[in-house]
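Here are the chains, one letter per residue:
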Amino acid sequence: MSGPILVFGAEGQVGREVMAFAKARGIEVAGCNRAQADITNFSAVEAAIFTVKPRIVLNAAAYTAVDRAETEPEAAYAANVVGAELVARAAAAQRLPVIHISTDYVFDGTKIGAYVETDPIAPLGIYGRTKVEGEVRVQEQNPRHFILRTAWVYGRFGANFLKTILRLSREREELRIVADQYGCPTATQDLAEAIFAIDRAWTEGGSATGTYHFAGTGVTTWHDFASVIVEAQAQVTGQRLKVTPISTADYPTPARRPANSALNSNLFGAVFGYCAQTWQTRAQETVKMLLKDSRVET
Ligand SMILES: NC(=O)c1ccc[n+]([C@@H]2O[C@H](COP(=O)([O-])OP(=O)(O)OC[C@H]3O[C@@H](n4cnc5c(N)ncnc54)[C@H](OP(=O)(O)O)[C@@H]3O)[C@@H](O)[C@H]2O)c1
């Protein structure tokens, strides 16, 4: 199998990491941003696939504004359901596999312990509902699909929790952060590694298509995640601020979030041979890299 990995949504935080990391690794890659290929436009998606002639297609494009989705359900549906379907269909027409990224917010958070792939889905909000329907469309349209559910994504590019905490660390004396939601912070570097592992497995002739969980190793709360970020920046800047735990009830948001959306990534590790670093290691590395590069822009 020849040709590059074709990335839709190449300017999102995951898309940019995959593009940059692939180039650094010498992995052939081509990307389309929204202007080059809007995934809700079938002809544009088809044309990109026709022009690039990829070996595998990655859909990293999505509507990701969890709270705004509650008042913009059509926009969320367009990208997360229609767009997901069209990318999967256009890839299938060329007999190409599609890697589709989904989310821990497909679950309602009532499970004790980490979610496995076969657990019942029950999203709490519009974003989660559109992502569930997107998964179904991908499964229907393209038998060569890899659906990768991930969680709490952060990295050097785009807007994310880690970068917001770094910025607030410079502006505030105290942070009040939710301490009763549990999940697995996932670094974009680990996600890119997971995507390359799928690409390798497919290229080498494996056919382990299906739905997989892939997230950072370890489970934490937003409060403890913030505390590690604040401590890592304090080691560089010497400025330590207070991180106070609060409850979800103290921080109401338009969209309800699962109280526990920890993902069990064991199946992915067993099939593709890659496990993420612990979330603490990656968070510390990312803080140090961002402070060194002064690239904290959110
Ligand atoms: N961020 C998280 O914590 C998280 C957690 C779990 C799963 N995920 C999933 O991970 C994937 C990547 O998310 P991310 O964090 O990289 O999100 P992101 O930074 O918001 O990037 C999404 C990208 O998709 C683009 N896009 C939106 N609608 C499009 C359309 N119709 N056509 C083409 N491009 C479009 C956006 O472009 P514009 O900037 O022009 O809108 C943006 O560049 C998504 O599937 C998301 O659901 C994310």
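As a starting point, this report considers the structure included with it. (Residues numbered from 1 in each chain as written. Predicted model: local features only at pLDDT ≥ 70, side-chain atom pairs only at ≥ 80, totals over all residues. Heavy atoms only, no water.)

### Regarding the packing of aromatic side chains
Moving on, step 1. Tallied over the full model, the rule gives 16 aromatic pairs.
Moving on, step 2. Ring plane angle 70 degrees and centroid distance 6.1 Å describe the contact between Phe-146 and Phe-272, whose orientation is recorded as edge-to-face. Highlighted residues: Phe-146 in strand β5 (residues 145-150) and Phe-272 in helix α8 (residues 266-272), separated in sequence by 126 residues.
Moving on, step 3. Here Phe-146 falls in the buried class, since its relative accessible area comes to 1%.
Moving on, step 4. The exposure class of Phe-272 is buried, given its relative accessible area of 10%.
Moving on, step 5. Centroid distance Phe-225 to Trp-279: 5.8 Å. Interplanar angle 85 degrees. Geometry classified as edge-to-face. Placement of the pair is Phe-225 in helix α7 (residues 222-237) and Trp-279 in helix α9 (residues 279-293), with a sequence separation of 54 residues. (Phe/Tyr/Trp six-rings, centres within 6.5 Å; stacked < 30°, edge-to-face > 60°. Helix = DSSP H or I, 4+ residues; strand = E, 2+ residues; numbered from the N terminus. Buried < 20%, exposed > 50% of the residue type's maximum accessible area, 1.4 Å probe, protein only.)

### Brief notes about the side chain of Glu-17
Moving on, step 1. Relative to the assigned elements, Glu-17 resides in helix α1 (residues 13-25).
Moving on, step 2. Looking at Glu-17, its side chain comes within polar contact range of the side chain of Thr-188, at 2.7 Å.
Moving on, step 3. Here Glu-17 is in contact with Ala-22, Arg-156, Phe-157, Thr-188, Gln-189 and Ala-192, once residues within four sequence places are set aside. (Polar contact = N/O pair within 3.5 Å; in protein donor to acceptor, adjacent residues only side chain to side chain. Contact = heavy atoms within 4.5 Å.)

### Quick word on the layout of surface pockets
Moving on, step 1. Estimates place the volume of the second largest pocket at around 170 Å³.
Moving on, step 2. Taken together, 16 residues form the lining of the second largest pocket, with Ala-215, Thr-217, Leu-263, Ser-265 and Asn-266 sitting closest to its centre. (1 Å grid on protein atoms, 1.4 Å probe; cavity = no way out; pocket = protein on both sides within 12 Å on 5 of 7 lines; lining within 4 Å. Points joined across faces, edges and corners; volume = space filled by probe spheres on them.)

### Some details on the pattern of salt bridges
Moving on, step 1. The final tally for this structure, using the stated rule, is 14 salt bridges.
Moving on, step 2. For Glu-85, the salt bridge is made with Arg-89, and the minimal N-O distance between the two is 2.9 Å. Here Arg-89 and Glu-85 lie together in helix α3 (residues 73-93), a separation of four residues that amounts to about one turn.
Moving on, step 3. The class of Glu-85 is buried, set by a relative accessible area of 12%.
Moving on, step 4. For Arg-89, a relative accessible area of 33% corresponds to the partly exposed category.
Moving on, step 5. Ionic pairing is found between Glu-171 and Arg-167, a salt bridge with its closest N-O pair at 3.5 Å. Placement of the pair is Glu-171 and Arg-167 together in helix α5 (residues 161-171), with a separation of four residues, close to one helical turn.
Moving on, step 6. Of the residues examined, Arg-167 reaches a relative accessible area of 25% and is grouped as partly exposed. (Salt bridge = Lys/Arg side-chain N within 4 Å of Asp/Glu carboxyl O.)

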